[in-house]
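Summary of the model geometry
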Amino acid sequence: MRSSAMLGLLIALLLGLFHIRCGEAQVLTEVPLGPLYRVVGHPLLIPCNVSGFKDAETTKEFEFRMQRPGKPMDINVISTEDPNFSFSAFSGRVENNEIHLEHVAPNSVHFQVSKLLPSDVGEYECAVINKEQNYNGVYAAKITVKVIDNTLTVSSPDSGSARLAGEGDPLALTCQASSNTVQHTHLSVTWYLHKEGEPDAHPLVSLDRDLTLTPGPRFQERFRAGAVRLDKVGEAMYRLNIARLAPSDQGQIYCRAQEWIQDPDRSWFSITQKDTEPTRLTVKAKDEAVADPRSLGVRISVQQETLQEGQQLVLTCSVDNPAPGQLLSMAWLRGGSELARFGPTGVLQVGAQYSGRELTATKTGDGVHLLVLRPVRVQDQGGYLCRAWHQDRGPDGDFTQGVAHDSATQMVNISATEGSGLSVEMESNGVAATEGDKLQLTCKATGGRGQLSVAWDHKLGSPAASTGSFTRVVSLSHEGVIQAGADFAQRSVRATRPAANTFALELDGVVPSDAGTYRCTVTEWSVGPSGDASETHSQSQMSNVQVLLLDTLFQLKLMSRNTQATVGDQVELICRLRGPEVLPPTLRWTLRRNGSASPDTVLTLSPGGAVAWQGGWQRRYQLSVERLQEGEILHKLMIAGASTWEEGRYGCEASVFLDGRHKKVASSNELAVKVTIPESKLSLSSMPSLSVDAGADVTLNCFALATTPGASHFAVTWHQGENNRTVLWSDRDGRTVSHSRGGDDQRRISALRMPGLGPPRFELTVRQAQVGDGGRYSCMVMEWLQDPDGNWFVLPPARTTTELHVLEPANNLHIAEEERHLVVTEGEDVDLNCSLTSGASDASLSYSLSWLYAGPDPSAVNRSFTLAELGHGGLLRRPENPELQGSSLGRRLFLSRPTHGSFRLGIQRTQQGDGGAYWCRVEQFQLEQPGRWQLKAVDNSGRITLTVKATESKLSMGIGGDVNLTVTPSQSFVLPCSVAARTSPTSAFGVTWFWQKETGAADKRVVFEASADGTLRRGVSWTRGGRLRFDHPVPDLFNLTVTAATPEDSGVYHCEVEEWLISPPGRRKVGVAMRSEEITVDVRSYLPVGHVSDSRSATLLGVLTGLVLILLVVVLLLVLKIRRGQHPGAKKGDTLWTEGQPLQYKLDMTKGE
């Protein structure tokens, strides 16, 4: 007993592990089932899909490899990731895009080969590249591809020929199609009409692989009227019949055969197709026939108009007055279908539906033809006519068909032979079919003696209703050919014969309009001696069909035991589905989040059991299905560890796949799931108050007495003051992410979480506390937890406060107050000092300084004004003072702070106007709170009286040259004015030259004036100013040159010099003007030696003595030369004497000679 219990426990544990393992998402790579048979030269398509990756939205990379039969080596074919993946056997085709691999979705690709080669046979492997950290599932799938030969053959005796026909003429074309493929394949045959000027051909009629006839869209009406038919004659012959041609039928007509194979997944695939050469058809309209002069008169006659089934029908066609030698064609038609045709060469062609019956035709005379059909059937009754047309032979031997001419219609009545015991019975008179399901009807025929065919028809309403007409659903001929009605040609409908006397109708995908009355008509066929079958009897039976709408059959209800959950709790939702099992629905779970107009899909459960999670991410959802009873299923959605992401209104929807789309058949009620965060258990404690001296460090503590269960993280915010101004904030990871104070405060104030295993403790440290740091401090702690997704959420905060008192220091501001007196000389620099005698050593204090000035009168305190201010933040300001307008004092002031307790005012290049009383005012500030400074004390220094002495003049004149000048008219003479000493290197000079007739005379005049500012002007009373030239070659020398002297320029000259110093607001004259020595100038036309100036008399005397000696030597040499020249025979030569001109000289007396 004990061992059995242990065994049961072990099995339960294994099953539990298996369930947990199966609940995990596993990677699954899928390709279609194999092998695939494809034809050489045709394309190959292999889809490959992968599911189960955590990130379903990311595009996956795929690789294809293959192994050839008997060769186990893998050959790289193509990759979506690596362009150089292919081996040489496939690289060329990959580069030419003959082989390509393309994404159709992030998790799906299509491997395509445009033209298969025989060497492409083998086993292909699709592999997905795993870029996740672990492996869990199947990452590759294989499929075998067989490459077979193309054995499909298609031919037509009419290929490449031209046909000329008239409007209303019949047309019959044949096509032969067959295949020698070893595999089991089906053929489909379609006739196409390609009209001139249109890009695509239009299908006339087709016989698909299931032997179902389907007309083309443009020929449905004519197909229903029997004017367009496709008949299978024998094993490989397919005949197209058009009863009456229309001008719109003109064009190229060809036959296309397709070969189909059924893949292992039960789907059909067209492996190859071939077309015949087209037949060129020309159709002449009736109005063209009227214009034909060779009009024919065609008549028809019948041997017996009323026949009984089994007798023979004899029809005679004759043409009135045929032209001799004229070639004619003759045809017999019934209901637009051609029975037989006589060609111009006498060859008989029999219509497809009469090819198996005994039918003969002969030509009995010119224009007379006879047709015999035996034995006749009931369905042979109707209207018959004859059609004749000319045939013209061309040079190449081909016949051209003329305009057709018809006879009148001859009616023939055929009655059935008595004695048939055929009866039909429907299995059920009332049938209920579910929308989208399959409708199956069965009728049984008894008493039939021959071959049987069945036709199924449908009309709206009950069998008793007299309104409405029947439309053909499908028919099954006695030869086994299935032909769907025009209204059901696009539906999946079948007529089968499960037993010899049983006929069944199968209609897939029933729609509401399929409700109504269905009629089963069974026809009996008799076989004549020649093997032809003829219709003898028909019997019908009807049944009513009701279509049950899916909307009324399915019911959904959503319920749960717990819709109010805390983060991390488990929530179970149950969706109860009631409905028919014949159409298993697709179930979709939805979630409408708050504020969303439309719901999101959580998962979709397909009828086959496949689950598609939204975005490929299952999260913590778990799905289970429980079947209670037939037609009732419970779908359970489990949220294993709820989070706020799963919060919202849940619902479930059921849909079925109908008409190529999903149709919603039922929706459940919405169920709201509320996920709340847990209640906070956090509580804090701190000291009520603390006191500290200004400048000291202080630490505020915040203790957590209890926390909420879980791996909590804490974010801490420290506030100060009544307004809860944020001081510092640290995030849940302990990083300081916000500091409301900047500058020095950011360095002074810091927060810390003390490590340890016990409850957390948080600290706020304030270094060098200031008065403004005092006040109420609040510690606010926010507790953070993680939900099952790993997302953080915060709980309501907890607070605790501490009152901090910062004690202010005593006022000890004092400035030196002794009076001082400073005397400086104009132009010197001077420094005025202001020093703190106490209070300067406290680094927590800040100071502002103002220098005040009372002007030259120290007692005029009321007229003092501020020269400069240096704020406690280091900002320098110079107020605008109207009293200093015109003075440069403000621009010559410089403030400095050599030490923390001393201030200095410097005045550069003092001026006499700078004198007066100076003193400083110091204000002491202390920081109360960030950005707010409080004035604590003010003190003034003693006055500093500044006296600026004027500068004494040091101007002296130098000697410029001779004091007596004698010049001749038109000569120039210079009047120099030299400065021997100056008061300042920056001094400027004003120079004025004066003239008077003689020393002491009263006619003193200004000759020329050069001002200190550079202005030059001639004396007003000096009328000879045009000959004056001023020159200033060096800083201390000024020259005035008088050019082209005249006797009126004679007189006594001297210059006067004024010295100016640059002193704002302008220049200032220093001392008095200095006068130079007088210069006497004498201008005369002759200058005797005795009147030469004393300074040059000795020089002139020496020069004259030398000249006299030179003249004596010259005279002596000339006398000797003359004497030698008086010698007889001597030639007279040139002499040094100028003939008729005395020797003259001129001595110019200039300045400096």
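Taking an unreviewed UniProt entry as the reference, the protein is identified by name as Ig-like domain-containing protein belonging to Muraenolepis orangiensis. Listed in UniProt under the heading Subcellular location (unreviewed entry), the comment for the protein reads: "Membrane".

Below, the discussion takes up the overall build of the protein. Check the secondary structure of the protein and you find six helices and 86 strands. The proportion of buried residues among the 1153 residues of the protein is 42%. Restricting the contact set of the protein to residue pairs at least 6 apart, pairs at least 24 apart contribute 61%. Of the roughly 60100 Å² of accessible surface on the protein, 52% is carried by carbon and sulfur atoms.

Here we come to the sheet that holds strand β12 (residues 171-178). Strand order in the open sheet made by the four strands is β10-β12-β17-β16, with antiparallel pairing throughout. Each edge of the open sheet is held by one strand with a lone partner, namely β10 (153-155) and β16 (228-233). Strand-to-strand twist in this sheet, taken as the mean axis angle between neighbours without regard to direction, amounts to 20°. Where β16 and strand β17 (residues 237-242) come together, six bridges link them in antiparallel fashion. Each residue of the ladder has a partner; that of aspartate 231, found in β17, is arginine 239.

Below, the discussion takes up the pattern of salt bridges. Following the criterion strictly, the structure yields 42 salt bridges and no others. Aspartate 320 is paired through a salt bridge with arginine 299; the nearest N and O atoms lie 3.0 Å apart. Pair noted here: aspartate 320 is in the loop between β23 (313-319) and β24 (328-334) and arginine 299 is in strand β21 (residues 298-302), with a separation of 21 residues, a long-range link. Among the salt bridges present, the one from glutamate 338 reaches arginine 341, with a minimum N-O distance of 3.1 Å. Considered together, glutamate 338 and arginine 341 belong to a single accessibility category, that of buried residues. Several salt bridges share partner residues, and in doing so they unite Asp169, Arg244, Arg387 and Asp406 into one network.

Once that is clear, we can look at a nonpolar patch on the surface. A cluster of nonpolar side chains, namely Val1113, Leu1116, Leu1117 and Leu1120, defines an oily patch on the protein surface of about 390 Å² accessible area. Relative to the helices and strands, leucine 1120 resides in helix α6 (residues 1097-1125).

This paragraph deals with helix α2 (residues 88-95). Those residues of α2 lying buried are Phe90, Arg93 and Val94. Projected down its long axis, α2 shows its buried positions confined to an angular sector of 105°, all on one face. Counted as exposed and oriented over 90 degrees from the buried face of α2: Ser88 and Glu95. Among the structural elements, β4 (62-67), β5 (75-79), β6 (99-105) and β7 (108-113) are those in contact with the buried residues of α2.

With an omega of 0°, the peptide bond running from glycine 34 to proline 35 counts as cis. The topology assignment puts proline 35 in the loop between β1 (28-30) and β2 (36-39). At arginine 266, a position not held by glycine, the phi torsion is positive, near 75°. Looking at the element boundaries, arginine 266 is found in the loop between β18 (251-262) and β19 (268-275). Residue class for arginine 266 comes out exposed when judged on its relative accessible area of 62%. Backbone geometry places serine 970, a non-glycine residue, at a positive phi of 75°. Positionally, serine 970 belongs in the loop between β77 (964-967) and β78 (973-981).

What follows concerns the side chain of threonine 1041. With respect to the helices, strands and loops of the structure, threonine 1041 is situated in strand β83 (residues 1037-1042). Residue classification places threonine 1041 among the buried residues on the basis of a relative accessible area of 19%. When sequence neighbours within four positions are dropped, the list of residues in contact with threonine 1041 reads Ser972, Phe973, Val974, Arg1027, Leu1028 and Arg1029.

Right, let's talk about the sheet that holds β7 for a bit. Spatially, β1-β3-β7-β6 is the arrangement adopted by the four strands of the open sheet, whose pairing is antiparallel. Every interior strand has two partners, whereas the edge strands, β1 and β6, have only one. With direction set aside, neighbouring strand axes in the sheet form an average angle of 20°. One ladder, built from six bridges, connects β6 with β7; its direction is antiparallel. Residue pairing across strands places alanine 105 opposite serine 108, the latter belonging to β7.

Attention now moves to the state of the cysteines. Going through the model one piece at a time under the given rule, you end up with eight disulfides. The side chain of cysteine 443 participates in a disulfide bridge whose partner is cysteine 520; the two sulfur atoms lie 2.0 Å from each other. Taken together, the residues cysteine 443 in strand β35 (residues 439-446) and cysteine 520 in strand β41 (residues 516-527) connect sequence positions 77 residues apart. A residue is classified by how much of its surface remains accessible, and cysteine 443, at 0% relative accessible area, is buried. Exposure remark for cysteine 520: the relative accessible area of 0% places this residue in the buried category.

This part takes up the environment of threonine 434. Looking at the secondary structure, you find threonine 434 in strand β34 (residues 430-434). Separated by 112 residues in the primary sequence, threonine 434 and glutamine 546 have C-alpha atoms spaced 8.4 Å apart. For threonine 434, the residues in contact, after removing those within four places along its chain, are Val510, Leu548, Leu550, Leu553, Val582 and Leu583.

Of all six residues that make up β4, five are buried, and the element is covered over most of its length. Across six bridges, the pairing between β4 and strand β8 (residues 122-128) is antiparallel. The partner of phenylalanine 62 across the bridge, within β8, is valine 128. Relative to β5, β4 runs antiparallel, the two sharing four bridges. From the neighbouring strand, phenylalanine 64 faces β5, where its bridge partner is isoleucine 78.

Take the environment of glycine 913 next. By secondary structure assignment, the location of glycine 913 is in the loop between β72 (902-907) and β73 (916-929). Given a relative accessible area of 57%, glycine 913 falls into the exposed group. Along the sequence, glycine 913 and serine 888 sit 25 residues apart, while their C-alpha atoms lie 9.6 Å from each other.

Turning to the packing of aromatic side chains, a few remarks are in order. All told, the structure shown has 15 aromatic pairs when counted by the stated rule. Ring centres 5.9 Å apart and planes at 70° place the aromatic pair phenylalanine 53 and tyrosine 139 in the edge-to-face group. Of the two residues, phenylalanine 53 is situated in the loop between β3 (44-51) and β4 and tyrosine 139 in the loop between β8 and β9 (140-148); the sequence distance between them amounts to 86 residues. Considered together, phenylalanine 53 and tyrosine 139 belong to a single accessibility category, that of buried residues.

Bringing the confidence of the model for the protein into the picture now. Per-residue confidence for the protein gives a mean pLDDT of 82; residues scoring 70 or more make up 87%. By mean pLDDT, the top-scoring element of the protein is β7 (96), and the lowest-scoring one is helix α1 (residues 2-23) (42). Contacts of residues 1-25 to residues separated by more than four positions or lying in other chains number seven contacts, the stretch itself having pLDDT below 50. Contacts of residues 1089-1099 to residues separated by more than four positions or lying in other chains number 13 contacts, the stretch itself having pLDDT below 50.

Let us now look at the side chain of serine 407. Within the secondary structure layout, serine 407 lies in the loop between β31 (405-406) and β32 (410-415). Every residue in contact with serine 407, bar those within four places of it in the chain, is listed here: Val298, Arg299, Ile300, Leu385 and Cys386.

Attention now moves to the pairing of strand β49 (residues 621-629). Here eight bridges tie β49 to strand β50 (residues 632-640), and the two strands are oriented antiparallel to one another. Across the sheet, glutamine 629 pairs through a bridge with glutamate 632, a residue of β50. Between the end of β49 and the start of β50, which pair antiparallel, lie two residues, with glycine 631 showing a positive phi angle near 85°.

Conventions we followed
- All residue numbers here refer to positions counted from 1 along the written sequence of the relevant chain.
- Local features in a predicted model are, by the rule used here, given only for residues with pLDDT of at least 70; side-chain atom pairs are given and counted only at 80 or more, and totals for whole chains, interfaces and linings are based on all residues.
- As a convention, hydrogens and water are excluded, and side-chain values are obtained from all of the structure's heavy atoms.
- UniProt positions are given in the numbering used here, feature names are shortened, and annotations may be inferred rather than shown by experiment.
- Strands here are runs of E lasting at least two residues and helices are runs of H or I lasting at least four, both read from the DSSP assignment and numbered beginning at the N terminus.
- Per-residue accessibility, obtained with a 1.4 Å probe over protein chains only, is compared with the maximum for each type, and a residue is labelled buried under 20%, exposed over 50%, and partly exposed between these values.
- For this analysis, residues touch if any pair of their heavy atoms sits within 4.5 Å.
- Note on areas: these come from Shrake-Rupley sampling with a 1.4 Å probe, and a residue is covered only by the protein chains present in the view.
- Strands qualify as paired when DSSP identifies two bridges or more between them.
- Interaxial angle, 0 to 180 degrees, is taken between N-to-C directions of lines fitted to C-alpha atoms, where a helix line uses only the stretch in contact.
- By definition here, a salt bridge exists when the distance from a side-chain nitrogen of Lys or Arg to a carboxyl oxygen of Asp or Glu is within 4 Å.
- Residues enter a patch when their relative accessible area is above 30% and they make no salt bridge; the linking distance is 9 Å between like charges and 5 Å between nonpolar side chains (Val, Leu, Ile, Met, Phe, Trp, Tyr).
- Throughout, the arc means the angular range of directions from the helix axis out to the C-beta atoms.
- Pairs of cysteine sulfur atoms within 2.5 Å are what we label disulfides.
- Ring geometry is summarised as follows: Phe, Tyr and Trp rings, the Trp one being its six-membered ring, pair when their centres sit within 6.5 Å, and such pairs are stacked at plane angles under 30 degrees, edge-to-face over 60 and tilted between the two.
- pLDDT is defined as a per-residue confidence score from the predictor, taking values between 0 and 100.

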